[in-house]
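# Overview (structure and organization)
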Amino acid sequence: MPPSRQSMINDSWPCGGWARVVGRAVLPLALFAALPSHAQSATRIRIDASQPFADPAPAHYDFGSATSPSGSVLGVNSRYLTLDGKPWLPVMGEFHFSRYPRSQWEEEILKMKAGGVNIVATYVFWIHHEEIEGQFDWKDERDLRAFAQLCGRHGMYVLARIGPWAHGEVRNGGFPDWVLKAGPTRVNDPVYLTEVRAWFSQVGEQLKGLLWKDGGPVVGIQLENEYALRGPGAGEEHILTLKKMAIESGLDVPLYAETGWDNAAVPEGAVLPFYGGYPDAPWDGSLNKLPAEEVYAFRFGNCVAANLKASAAQLSAAATRPFFTTELGGGNEVTYHRRPVIEPDDIAAMFPVMLGSGVNLYGTYMFHGGENPDGTLTTLQESQATGYPNDVPVKSYDFQAPLSEFGEERASFRKMKVFQYFLNDFGADLAPMVVHAPDALPQAPDDFTAPRASVRSKGDSGFIFMNNYVRGYALPSRPAAQFEIQLPGGTLMVPRRPVDIPSGAYFIWPFNLRVDGINLRYSTAQLFTRLRNAGSDTLYFTAVRGIAPEFVFDRAGVRTVHASSGETTNDSGAVSIGGLKPGVESAIDLVSTAGESVRIVVLTAEEAEDAWKVKIGGADRLLITAQDFFADTDAAPGRIWLQSRGTPQFTFTITPPPATAPASSLPLTETAASPGAASFTAQARPRNLDLKYLQTQAAGTAPPVELGPAQAWRPHGVAQAPTEAVFSQAARWSLTLPPDSMDDLSELFVEVNYQGDVARLSAGHKLLDDDFYTGHPWLVGLSRFLRPQSANTFELSILPLRKDAPVYIELPRPIGFPSRGQVDRLDGLTLVPEYQLILNSSAAK
């Protein structure tokens, strides 16, 4: 997470290029005529995409070994990655193995895979492995080798971010204390380089035989992080030295990465810059709501932008480099002084913006939360006490990520998956496409007058990207909206009849999409995913909330068409279908003039968020469920897990339906069946768990909150987290759980509803987890802390929150402070059981 914040404005696009049109079909202008509209307040979004298409240039980049033993080749050009010569637009998610129990790694990797992630990025924190000089620890949750092997077993690639300085809100940015005491760091100092060489050699030994060139999953290495030092032995010279040392340590990979923001020193041709941006800035010193973040405005001006700085040289170099990201915020870590609450749409709305800005590797930080391991000498979190700018929780690194620090699948995970499945199935089409800006642009991130839109296209085919959402602000609806896109073959109006785009809407619409000989001129539903079975395609779209789906096809390629609902019309060489009712049973069945069959299904937005792509009975299907989902269908037998929090009931739908119900760990009841789908329910044994708790200490008086030192980029100090001594003033409760608490459950959560400053859960004077109060319940997974054969006793402590505390909290409602000027209220403790249903994906046909 970056240490500073700066919004930047876009005005031109240096991350792509233009060239001649290749293989396009010229389309008659008459096909694109707009129909009459209610035009008095029309929103016309004009985008000129008529320039000749330019093939990407060769990348000016010095590869490591790019060919695997099987002959697969990983490549890169000036615009995108290639895999075996074909465009590849992967999805990457950050998951820190050393912040999660080893016994649960595999389940979490499978969840990431189920959500459409292809590459697992992970920091390898030096201090987690060599806290004491010369004593390396690669055991248990610190076992990098075992983690990489698990990723490879499940078809996931790995980007190892090895530092030596990493940040990640870790103590000293990942440096062991002894490294700081030995002398200068992050420069070509002989003592420091000797230490780094030993560290890199250890990492190289851990990953030996697991690199791409060995047939393993590790495709990339990130060197350093947020590196902007200049001077003798620093800057690009230092990055080149680190790369040379990594290669000498056996870390020979296709991709060498470096974060490209904060005026980073990025040696041309030696490493690839990766960019980022966050929905909020918890490192900011303000105690007020922040201005609109730039991540919700298209980056036509530069690849960096957002709350991250870039130099003029970086902006110029961006024209010859692909736009890759590694830190698009999947949430934000709360800091003690600033505690933003990130909503699911805050995360998902970034997808059309970044993809519409040209991103060709979508990397999310964090994708999975975690918690800091115990240190031998100290705690391992970033803190102002160690000279860093922020205080974060001692243990929790939840980050409000799509997958929580206890593996909970949040709503943001489902919303992100809708876009990630699109990239999995259609990223190869999108990757070569170049970016086109509209005629009218917002003048600043907080300018909400101009619509926010983009087009990426190749010839006459492409995608429209629209965002009418900004975190914390209500954008106006866009009445009677139409996109007027100038293409090499003519002008395309989308849609033919204007539609109202609601406030808060964001989407991607295809135009001139070729499917088995049929041209989809456009749709006002978002392309979601594709299933291919028995030689025929089914394309799944998702309805955009507040906008009716419409599909328009070129009549010339269609022999027959049948829609399950709505109105089908033939007009001006086009077949139009409007009024289609979204749902798993909706369908448009087409047969091309060449005899190819295509089915289009339009899911509701809720169905798409709940739909999981999975192989059942040897065929690709969608399983639609509100329960948490992950699967391992490559195992023998293949298995699917559904997990239900708070209720023992399971419901799910499979489309297309299997001939027989899958075998199951619980009795299944088929509740509905049709040619298009089959629905089932199951019921686990309910658990009525008794949580006994008793207050053992009333709160004392919390002392005034102290301010830490100012930073060069933050001119005033911010609130410091309380010291250990201050927690003597916390209110305390004893919690007791029976020995059989976990029987028949996959997890057991305790939900803590409280008001206070900091809450902590401990056992036997050992801190297990902690929470900076945000006004929302604190949910803690207990399974990793429970002793199975005995009663388990925990201590909950709540430090009072002072009314005069200089902290920013995005409260859902104001706090009612008592007359004594502090609050430390426990409103309730609830045990939330998580039930599990396991399906045999092989035993269904």
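This is a predicted model, so every value here is computed, not measured. All residue numbers refer to position in the chain's written sequence, counted from 1. Where local features are concerned, this predicted model is filtered to residues with pLDDT of at least 70; where side-chain atom pairs are given and counted, the filter is 80 or more; whole-chain, interface and lining totals use all residues. Side-chain numbers come from the whole structure's heavy atoms, not from hydrogens or water.

Attention now goes to the overall build of the chain. Only DSSP runs of H or I reaching four residues or more are called helices, and only runs of E reaching two or more are called strands; each is numbered from the N terminus. Within the chain, the secondary structure is distributed over 11 helices and 49 strands. Computed over C-alpha atoms, the radius of gyration of the chain comes to 27 Å, within 12% of the 28 Å expected from 2.2 N^0.38 for 845 residues, which places it in the range of a compact globule. When the backbone C-alpha atoms are referred to their principal axes, the chain occupies close to 80 × 65 × 60 Å. Per-residue accessibility, obtained with a 1.4 Å probe over protein chains only, is compared with the maximum for each type, and a residue is labelled buried under 20%, exposed over 50%, and partly exposed between these values. Split into buried and exposed, the 845 residues of the chain put 62% on the buried side. Residue contacts are defined here by distance: any two heavy atoms, one from each residue, within 4.5 Å place the two residues in contact. Long-range pairs, those at least 24 residues apart, make up 74% of the contacts in the chain between residues at least 6 apart in sequence. Here the chain has roughly 29200 Å² of accessible surface; of this, 51% comes from carbon and sulfur atoms. Distance between charge centroids for the chain: 3 Å, based on 72 positive and 92 negative side chains. Throughout, the radius of gyration refers to the C-alpha atoms, and the reference size of a globule is 2.2 Å times the residue count to the power 0.38. Accessible surface is estimated by sampling points in the Shrake-Rupley manner with a 1.4 Å probe; for residues, cover comes only from the protein chains shown. We treat Lys and Arg as the positive residues and Asp and Glu as the negative residues; His and chain ends play no part in the count. In this description, the location of a charge corresponds to atom NZ of lysine, CZ of arginine, CG of aspartate or CD of glutamate.

Here we come to unusual backbone geometry. Residue M366 is reached from Y365 by a cis peptide bond, and omega for that bond is -15°. Inspection of the secondary structure puts M366 in the loop between β13 (362–365) and β14 (370–371). A positive phi angle is found at E224, which is not glycine, with a value near 55°. As for its placement among the helices and strands, E224 is situated in the loop between β8 (218–223) and α6 (235–248). Of note in this structure, N512 is not a glycine but carries a positive phi near 50°.

To estimate how far a helix should reach, multiply one less than its number of residues by 1.5 Å. Relative to the 20 Å expected for 14 residues at 1.5 Å per residue, α6 spans 20 Å between its end C-alpha atoms, a close match to the ideal helical length. Looking at the buried side of α6, the elements it contacts are α5 (190–206), β8 and β9 (255–259).

A few words on the sheet that holds β9. For two strands to pair, DSSP has to find at least two bridges joining them. Spatial strand order, β5-β6-β7-β8-β9-β10-β11-β13: eight strands in a closed barrel with parallel pairing. Recorded for the sheet is a direction-independent mean angle of 25° between the axes of neighbouring strands. Note: strand β5 (residues 91–94) against β13, three bridges, orientation parallel. Directly across from G93, in β13, lies its bridge partner T364. Here an axis means a line fitted to C-alpha atoms, over the contact stretch when the element is a helix, while the angle between two N-to-C directions is reported on a 0 to 180 degree scale.

Opposite charge on two side chains makes pairing possible when the charged atoms of those side chains draw close. Salt bridge, as applied in this entry: a Lys or Arg side-chain nitrogen positioned within 4 Å of an Asp or Glu carboxyl oxygen. Counted under the stated rule, the structure contains 49 salt bridges. Of the charged contacts, one joins E609 and K415 as a salt bridge, the two residues approaching to 3.2 Å between their closest N and O atoms. Of this pair, E609 sits in helix α11 (residues 605–609) while K415 is found in helix α10 (residues 411–430), placing the two residues 194 residues apart along the sequence. Taken individually, E609 and K415 each receive the classification buried, so the pair is uniform in this respect. One salt bridge in this structure joins K692 and D690, with 2.6 Å as the shortest N-O distance. Among the residues examined, K692 registers a relative accessible area of 53% and is labelled exposed. One continuous salt-bridge network, built from bridges that share partners, spans D280, R338, D346, R471 and E810.

Turning our eyes to something else, we now look at the packing of α5 against α6. Two elements in contact, α5 and α6, have axes separated by 9 Å at closest approach and are oriented at 40°. Relative to α6, the element α5 lies oblique. Of the two elements, α5 crosses α6, and the hand of that crossing is right-handed. Touching Y192, L193, V196, R197 and F200 of α5 are H238, T241, L242, M245, A246 and E248, all from α6. Each residue is assigned to one class: nonpolar for Ala, Val, Leu, Ile, Met, Phe, Trp, Tyr, Cys and Pro, charged for Asp, Glu, Lys and Arg, and polar for all the others, Gly among them. Class assignment of the residues belonging to the contact of α5 with α6 gives a composition of seven nonpolar, two polar and two charged. Oblique is the label for every angle not falling under 35 degrees (roughly parallel), over 145 degrees (roughly antiparallel), or within 65 to 115 degrees (roughly perpendicular). By definition, any crossing whose near helix is turned counterclockwise from its far helix by less than a right angle is left-handed, and any crossing with a clockwise turn is right-handed.

This brings us to the environment of Q384. Relative to the assigned elements, Q384 resides in the loop between β14 and β15 (396–397). You can call Q384 buried: its relative accessible area is 5%. C-alpha separation for the pair Q384 and A721, spaced 337 residues apart in sequence, amounts to 8.3 Å. In contact with Q384, other than residues within four places in its own chain, are P389, N390, D391, G708, P709, R714, V718, A719 and Q720. The term polar contact refers here to a pair of N or O atoms within 3.5 Å; inside protein, the definition further demands a hydrogen-donor-capable atom paired with an acceptor-capable atom, and it admits residues adjacent in sequence only when both atoms are side-chain atoms. At 3.1 Å, the side chain of Q384 forms a polar contact with the backbone oxygen of A719.

Before going further, it helps to spend a moment on the side chain of R186. With respect to the secondary-structure elements, R186 resides in the loop between α4 (177–182) and α5. Classification of R186 by relative accessible area gives buried; the value is 15%. One polar contact links R186 to E224, side chain to side chain, over a distance of 2.7 Å. If we ignore the near neighbours within four places in the chain, the residues touching R186 are W165, F175, Y192, E224, N225, E226, Y227, L229 and H238.

The next subject is the packing of aromatic side chains. In this analysis, rings of Phe, Tyr and Trp, with Trp reduced to its six-membered ring, are considered paired at centre separations within 6.5 Å, and the interplanar angle assigns stacked below 30 degrees, edge-to-face beyond 60, and tilted for intermediate values. Under the defined criterion, the tally for this structure stands at 42 aromatic pairs. Consider the rings of F541 and F551, whose centres lie 5.0 Å apart with planes at 85°: the pair is edge-to-face. A residue pair is termed long-range when its members are at least 10 positions apart, and F541 in strand β24 (residues 536–542) and F551 in strand β25 (residues 550–554) qualify at 10 residues. One exposure class covers both F541 and F551, and it is buried. Here a set of aromatic residues connected by ring pairs shows up, and it is made of Y123, F125, Y278, W283, Y365, Y397 and F399. In this scheme, Lys NZ or Arg CZ marks a charge over a ring once it lies within 6 Å of the ring centre and within 35 degrees of the ring normal. The lysine or arginine in question, R186, covers the ring of W165, its NZ or CZ lying 4.1 Å from the ring centre.

Geometric values such as these leave the question of function open.
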